[in-house]
Structure formats: C-alpha cells, structure tokens
Amino acid sequence: MSDDAAIFDALQQFVTTRLGPRARPEVSNVQRVATGRARENWLFDLSWSDDTGRHHEPLIVRQDPEGGLIDTDRATEFAVLQALESSAVPAPRPRWLDAVGAELTKPSLVMSRSVGTCEYYCINGDRPLEQRRALARQFCALLASVHLLDWSSTSLGTLFGDPGPRAALGELDRWEAILAADQLEPWPELTLAGQWLRARAPLNSGTVLVHADFKPGNVLLDDDDAVTALLDWELAHLGDRHEDLGWVTQPLRRGEHLIDGAWEAEHLFALYEELTGVAVDRVAVAWWNIFSTFKTAVMQISGLRAYVEGRIDEPYQPSAAVLRELLDSVV
Amino acid sequence: MRPSIAEHLFGIGRLLDAVAEDPGLSEASRRLLSDATKQLARLAAGADERGRFVDWDNAATLAVLADLDGLDLDLDLLAADAVARNGQLRQMLVTALETLGEHEAGARAQITRHLRHRVDANPALNKQPRYPSEDD
C-alpha cells in the first residue's frame, strides 16, 4: 500500500473513532506537503454531520518524520495550541492528538488549516520597499502579541513552569544537554561558546510565552499580506522575551527579518517597545543573538546524527558561517 | 594514486547525471537523484584536501595544547591514524577548556584563534580552504 493510501485509511479510521460513525465523517483530498524541516505534513478535507447539518473543514496533520533536526514532543505542542485557542494570537486550532502514533503510525497533530502561504524571504523579496516594511511591522506586532499573552491565565504555567530570572541559563542547560546527547565527536567550538554564554547569562525580568522559532517562514500570509496564522510551536516555552528578539535580530538570519537601512534592529525594538510598553534590553538581546547561533549549531549537530543514523537524507553539519559567527562573537 | 578519491567521486557523479536524463524518471526520484548528485559533488570537491587538512589540524592543535601551562594531557596515547588522532586532540581541547575555566583569557584566545583558522581551512566547509599565513 502506498503512503498516500495508508494515511487515507488511517485518517478515515481516526476521525471515525473521534466523531463516531453516526457523524458519517469523510476524509478527502489527502495530499502530502513538504514544509518545514522538522515535520511531515498532510493536508486533507473533512466532512461530517451533526444536528445542525453537514460540515466541511480543511485540516492538516503534522507528523514526526523518522528523524529531524530536533526531537520535540507532540503532546506539548498540542497543549500550547490549546492554550492559544482563546487568545488574540493567530495560531492553528488543535483538533486531535495521536501522541504516540498508535493510530496514525507516527506521533501526529491534527489542526485546522488556515489560508495563505509562507514566504521565508518576503521581507527582502520582490515587493516594493513600503510593502516590505509594512510586512516587517506586521511581523513585529505578531511577535508582540505572543509576548503580551497572559500565560498565567492559561495552562502554560502548569505545562512549562515559570523559569523566572534564570530563563537564559535554563535554555543554555537545555541546548547543552541536546548537544551532549547528539554529538558524535568533540566540538571544542561549542564548549568555548557555551562557557562564554554561561559566564554572561542575563537575568530574565519578565516571563513571556517564547515562540523560539519566529520567522516569516512560519507565518501564513493571505493574498492581501494579512497574517492568518503563526505556525510551528514545537519549540515554544515560557522564558525571556529577549530570546525571540535575539533570534529575529541574529546576524545569520538578517535576510529573513531586517531590511538594510529601512528596517534595522533598532526600528524593530522601537515598535516592539511601543506595542508592549516594555523596554528592550540591548545587552540581553546581544547575548541571545549569540545564543541563537549556538542553538543553530546544536540543531545542525543533531541533524548530523540523524543523517549518520539514516533518519534523514540531508548531511547536516555546523556550517562555516555558523562556526565563524560563533567564534568571532565569543573571542 | 589515480584515480584520486575526488576523480572517482566525480566519475560516479557522471553516472548519476546520465540516469537523471531518463525521461521515464518520476519527479520524486529525480529530486532524490539531484540531492545525491549535489552531495557527491560537495564531497568530491573536498576529498583530496581532507588528508592535508587533518595533518595540518593535528599539528596545529598539538602546538596549541603544548603551549598551555598546567594541563595534564597524555600525548603519548595518541592514535597512529590521523583521523582518529584528530578526534582525540579535539577532545583534549575540550578538556583543556573545561580545566582552564572562564578566566584564563590568553589561553582561551589562543584556542579560539586556532579554531577560527580551522574553520577557514576545513575543506568540508569551504570551496576554497584557506590556511593561516605567517601574518595570521
């Protein structure tokens, strides 16, 4: 049986179990899409009946591949999406979870499918400058809306726990543990960077929900360039707002987030401060810039292990650009 | 020794290019083949440089380690195989960094400088590897 036929049958069974046979659920238009490096996605349409009539809903299944750059927990991402459901943050609506892949063969999330497309480099793409700057402002507002979420009124506090002042050290601990688990050979470059970061970790003065992979490539835009959804919440956690701000202003991702002379980090910080009423600590951002490069290197090392173990086909390794940036930052 | 490893890899790449010309190939197979060809080309580009790089790195790392004071690193246990020795030496750098701590600025700067040169010289990371000169 092909993958397409197998997932069709599994989905039909899955939704029938969830909705019951009396709802006469019908799965149609199943198609695989290759978006993102960490997941395999399947689009499908679902029809079902209840007392109010027949309903149709476009859905998406996000599954764990055999291997990826990072291992994350489907149940956690599902819980984050549930917590965001009643918030102002545009995120996919979670429908169902198969946490261990008992029914859909792999750990899977079923979520609503929003209209729109992701454009990694729309900020520096073909649109006129004013449109690109408007997009950049819109992305900044979207990030601010994530940070303005009152997480204490949701289940996120129970899910993650508030890291408090040592949010930076907590994230460094997390990524050093991933490095220790995944490295196949010694990486003195990362030992050096880890020590540098540990000695200078900033204190967190206000815990927020951190997306941790905020980028245009994770934002769905409709035909009018309006944001319809912020995607890929698998790395989200409670932490320091400067983590996201450091991620979007890191030098290696400049082309995704900033426009030379027209939308620099200071423009972003000024708008962010206006929208949130919170001052951006530039020294903390600089630390998180370097942490972001460190995290990227660790993700590449995890990808290298996945390649060697035959779980992915792309031979990742820390790139020259990442290693140079890291070493030049900590010297 | 001819063909060199790089010449051999380029030869395999030519075979894959010939297969890619097959009009009956599915889109998925064509994509996989394209990925394989790109990986092979990348590997071939650095293959003949690899031995020189590992020898240079081993010598340079040994020199850096030898300059560090107060470290108990047993260099007599180094493997004869250059690649295995490279892994051992890099582990010794990790141990040295952990022993030095954050405050030995001069020694840390020396290690950082060496690692930075290593990034530039590594043929797996650069189309045109650059070894440090006297001025560096």
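Thresholds, definitions, all that
Residues numbered from 1 in each chain as written. Chains lettered and ligands numbered in written order. Predicted model: local features only at pLDDT ≥ 70, side-chain atom pairs only at ≥ 80, totals over all residues. Heavy atoms only, no water. pLDDT = per-residue confidence, 0-100. Buried < 20%, exposed > 50% of the residue type's maximum accessible area, 1.4 Å probe, protein only. Helix = DSSP H or I, 4+ residues; strand = E, 2+ residues; numbered from the N terminus. Pairing = 2+ DSSP bridges. Expected span 1.5 Å × (residues − 1). Contact = heavy atoms within 4.5 Å. Buried area = accessible area lost by both parts, 1.4 Å probe. Salt bridge = Lys/Arg side-chain N within 4 Å of Asp/Glu carboxyl O. Polar contact = N/O pair within 3.5 Å; in protein donor to acceptor, adjacent residues only side chain to side chain. Nonpolar A, V, L, I, M, F, W, Y, C, P; charged D, E, K, R; others polar. Axes fitted to C-alpha atoms, helices over the stretch in contact; angles between N-to-C directions.

A few words now on the confidence of the model for chain B. Residues with a pLDDT of 70 or more make up 98% of chain B, whose mean pLDDT is 89. For this predicted complex, the interface score ipTM comes out at 0.89, alongside a pTM of 0.91.

What follows deals with the pairing of strand S5 (residues 108-112) of chain A. A regular strand places its side chains so that they alternate between the two faces of the sheet. Residue and element names in this part refer to chain A. The element S5 is extensively covered by neighbouring structure, given that five of its five residues are classed as buried. Here five bridges tie strand S3 (residues 53-63) to S5, and the two strands are oriented antiparallel to one another. Looking at the pairing, Ile 60 lines up with Met 111 of S5. As paired elements, strand S4 (residues 94-98) and S5 share four bridges and run antiparallel to each other. Bridged to Asp 98 within S5 is Ser 108.

Right, let's talk about helix H6 (residues 188-199) of chain A for a bit. All names here are of chain A. The end-to-end C-alpha distance of H6 is 17 Å, a good match for the 16 Å that twelve residues give at a rise of 1.5 Å each. Burial runs high along H6: ten of the twelve residues are buried. Here H6 has its buried residues at Pro 188, Glu 189, Leu 190, Thr 191, Leu 192, Ala 193, Gly 194, Gln 195, Trp 196 and Leu 197.

What follows is about the interface of chain B and chain A. Taken together, the contact pairs 21 residues of chain B with 23 residues of chain A. Carbon and sulfur atoms supply 57% of the area that chain B and chain A bury against each other, a total of about 1,900 Å² over both sides. Taken together, the links from chain B to chain A amount to three salt bridges. In this structure, the salt-bridge partner of Asp328(A) is Arg116(B), at a minimum N-O distance of 2.6 Å. Linking chain B with chain A are ten residue pairs in polar contact (both at pLDDT 80 or more), by the criterion used here. Taken together, the elements giving at least two residues each to the side of chain B that touches chain A come down to helix H2 (27-67), helix H3 (82-100) and helix H4 (105-121) of chain B. Of the residues belonging to the side of chain B that touches chain A, the class tally is eight nonpolar, five polar and eight charged.

Turning our attention to the sheet that holds strand S1 (residues 26-33) of chain A. All names here are of chain A. In spatial order, the strands read S1-S2-S3-S5-S4; together these five strands make up an open sheet with antiparallel pairing. Each edge of the open sheet is held by one strand with a lone partner, namely S1 and S4. Across this sheet, the average inter-strand angle for adjacent strands is 20°, counted without regard to direction. Packed on one face of the sheet, helix H1 (residues 3-19) meets S1, strand S2 (40-50), S3, S4 and S5 and runs near 135° to S1.

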